[in-house]
Amino acid sequence: MVCKMMNMHGMKDGCRVSLLFLLLLVSAIDVSGLTISQNMTTKVVTDDTFMVACHNNEGLPVTWRNSKGAVLGPKTRPEARQGSYGYSIIFKSPHQLEDTGNYTCSTPKEKRVFELFVTPALRFTDTATNQSAYEGEEFLLKCEVEGGTVSWAAEGGAIIEHTEKFKVIADGLVIRNVSRHDSQTFICKGVQQRTGMVLDRKIHFHVKHKPIHPSHPQRHMRQEVIYGYITGTVNLTCVAIANPPATFEWKVKDKKAKIGKIINESLEVSILQLHIYNKSAFGNYKCIAKNKLGSYEENFTLKEGVKPVSPSNIEMKESATKSAIFEIVGPNRTLEMDLDTLGFSVQFRKIDEEEWQQRDFNITKNNLYTLDNLEPDTEYELQAATRNAAGLSDYLPSSRWKTSGAESARLSMALLYSVGVVVVLNFLASW
């Protein structure tokens, strides 16, 4: 660019504008001789060794300084070394929180800054996988995370946030007015925002409570009438859920005695099995379930009933490959019957087997009952007994039947398909 001579007042306006444009253009172009391999990174306390290189294209001396302005060298942390790739600082594993800061690479003319963030390794501390509370109290479900923040979810995945029931705080989840329904598995999530790392910890929450009946939790005791008959057997079933599990005790007429066979079917179910030899067996029985938090009672009144009469008829109505439909007709009502028929107990087995399988059915209006999960092309025998509140009748003598074969069923379908094709072709021909 050529500028004319200056007049007494200085440059001409056109030349002044051109020089200003040239200065702006030069300032927009990075003509620096100093380059750095990276400007920023994030590391955790336990991580790999890495370096940051700084190179000067003009041959000027390069210096690295830490956040406090101290010059770095071969014996400092981090180390500073000269190499073919430039003058570098080297961070060796394991990284320390104190390494966080700005590191400046400079020459007498300019400088570049590298920023390092070191965060603690994400981990759970003081977090037990099994935690317990008492019903009715406010409880802190503890979950502490080092190196991140905490969020909560139910085991099914639903996010837990602040509600009247829950409050999320830094070191756990506050559960207000704890109830036995809160017994579940919670998911504590540790999240490290800067690194994106996420850790999950399952916490199994157990609520301790006194024994209760699962269907009647508000009752302290319950009354039930049971019927039986002389020479028959009856089961008195006592159910109570508790944490810690309840111990069961049986009494007859408010006295503890050996009164029958006690079957502890599970931690929640105790059965008193009575064989009724005479009328002295009828009367009142009591089951007491208790733990250190309280107790629950079930009272049974065993009354004399009448043994039901066997069914009047059994007839197989339809048999398939894996099922069969039977008609079972109940007994004709007699004057001795003081209890209604509730249903039937059916026993069946393969002809070549000794043990019976049992199915219980409630009474139906059409007297039809279906047995399923049978085997194809197999011969079975079946017998049925009437069931009322006092127990079971004698079983009606067995009848035999055979399920359809799988091959014959496939053949029937193929035959049906063939007939269908013929019908369609005849229809098309006539049309």
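**Some details on the packing of aromatic side chains**
Right, on to step 1. Evaluated as defined, the whole model comprises 14 aromatic pairs.
Right, on to step 2. When the ring of phenylalanine 166 is compared with that of phenylalanine 186, the centres are 6.2 Å apart and the planes differ by 75°; the resulting orientation is edge-to-face. Of this pair, phenylalanine 166 sits in strand S15 (residues 166-169) while phenylalanine 186 is found in strand S17 (residues 184-192), placing the two residues 20 residues apart along the sequence.
Right, on to step 3. A cation over an aromatic ring shows up here: lysine 43 above the ring of phenylalanine 50, its NZ or CZ 4.8 Å from the ring centre.
Right, on to step 4. The ring of phenylalanine 117 carries the charged tip of arginine 194 above its face, separated from the ring centre by 4.0 Å.

**Things to note about the sheet that holds strand S8 (residues 111-119)**
Right, on to step 1. One open sheet holds the four strands; their spatial order is S2-S8-S7-S4, and the pairing between them is mixed. Strands at the two margins of the open sheet, each flanked by one partner only, are strand S2 (40-44) and strand S4 (63-65). Taken pair by pair, the neighbouring strands of this sheet meet at an average axis angle of 20°, ignoring direction.
Right, on to step 2. Across six bridges, the pairing between strand S7 (residues 101-106) and S8 is antiparallel. Residue pairing in the sheet places tyrosine 103 in a bridge with phenylalanine 114 of S8.

**A short note on the state of the cysteines**
Right, on to step 1. For the structure shown, the criterion picks out three disulfides.
Right, on to step 2. At a sulfur-sulfur separation of 1.8 Å, the disulfide partner of cysteine 54 is cysteine 105. Its S-S torsion of about -80° marks the bond between cysteine 54 and cysteine 105 as left-handed, since a negative value means left-handed. Taken together, the residues cysteine 54 in strand S3 (residues 50-56) and cysteine 105 in strand S7 connect sequence positions 51 residues apart.
Right, on to step 3. Residue classification places cysteine 54 among the buried residues on the basis of a relative accessible area of 1%.
Right, on to step 4. Residue cysteine 105 is classed as buried on the basis of its relative accessible area, which comes to 0%.
Right, on to step 5. Each disulfide pairs two cysteine sulfurs, and for cysteine 238 the partner residue is cysteine 287, the sulfurs being separated by 2.1 Å.

**What to know about the pattern of salt bridges**
Right, on to step 1. For the coordinates displayed, the defined rule picks out 24 salt bridges.
Right, on to step 2. Close ionic contact of lysine 142 with aspartate 126 constitutes a salt bridge, the shortest N to O distance being 2.7 Å. In this pair, lysine 142 is assigned in strand S11 (residues 139-142) and aspartate 126 in the loop between strand S9 (123-125) and strand S10 (130-134), connecting sequence segments 16 residues apart.
Right, on to step 3. Assessed through its relative accessible area of 29%, lysine 142 is described here as partly exposed.

**Concerning the sheet that holds strand S23 (residues 261-264)**
Hydrogen bonds along the backbone pair up the strands of a sheet, which may run parallel or antiparallel.
Right, on to step 1. Ordered by their spatial adjacency, three strands build an open sheet running S20-S24-S23, and the pairing between neighbours is antiparallel. The strands lining the two open edges of the sheet, one partner per strand, are strand S20 (233-239) and S23. Each strand axis lies, on average, 20° off the axis of its neighbour in the sheet, ignoring direction.

**Concerning the confidence of the model for the chain**
Right, on to step 1. In the predicted model, the chain carries a mean pLDDT of 84, and the fraction of residues at 70 or more is 84%.
Right, on to step 2. A low-confidence stretch, residues 408-419 stays under pLDDT 50, and its non-local contacts, those more than four residues away or across chains, total one contact.
Right, on to step 3. pLDDT under 50 marks residues 421-425. Its contacts with residues more than four places away, or in other chains, come to zero contacts.

**Focus on the nonpolar core**
Right, on to step 1. Within the largest apolar cluster, 19 residues are counted, with the highest numbers of intra-cluster contacts made by Leu141, Trp152, Leu173, Ile175, Phe186 and Phe205.
Right, on to step 2. Of all the secondary structure elements, the ones that give two or more residues to this core are S11, strand S13 (149-154), strand S16 (172-175), S17 and strand S18 (197-212).
Right, on to step 3. Counting residues per element, this core draws most heavily on S18, at three residues.
Right, on to step 4. Once residues lying within four places of it in the same chain are set aside, the contact partners of phenylalanine 186 are Leu141, Trp152, Ala153, Ile160, Phe166, Leu173, Ile175, Arg201, Lys202, Ile203 and Phe205.
Right, on to step 5. Core analysis: the next-biggest nonpolar cluster, separate from the first, contains 17 residues, Phe50, Val62, Ile89 and Leu116 among them.

The rules behind the values
Residues numbered from 1 in each chain as written. Predicted model: local features only at pLDDT ≥ 70, side-chain atom pairs only at ≥ 80, totals over all residues. Heavy atoms only, no water. Phe/Tyr/Trp six-rings, centres within 6.5 Å; stacked < 30°, edge-to-face > 60°. Helix = DSSP H or I, 4+ residues; strand = E, 2+ residues; numbered from the N terminus. Lys NZ or Arg CZ within 6 Å of the ring centre and 35° of its normal. Pairing = 2+ DSSP bridges. Axes fitted to C-alpha atoms, helices over the stretch in contact; angles between N-to-C directions. Disulfide = S-S within 2.5 Å. Buried < 20%, exposed > 50% of the residue type's maximum accessible area, 1.4 Å probe, protein only. Salt bridge = Lys/Arg side-chain N within 4 Å of Asp/Glu carboxyl O. pLDDT = per-residue confidence, 0-100. Contact = heavy atoms within 4.5 Å. Core = buried A, V, L, I, M, F, W, Y, C linked by side-chain atoms within 4.5 Å.

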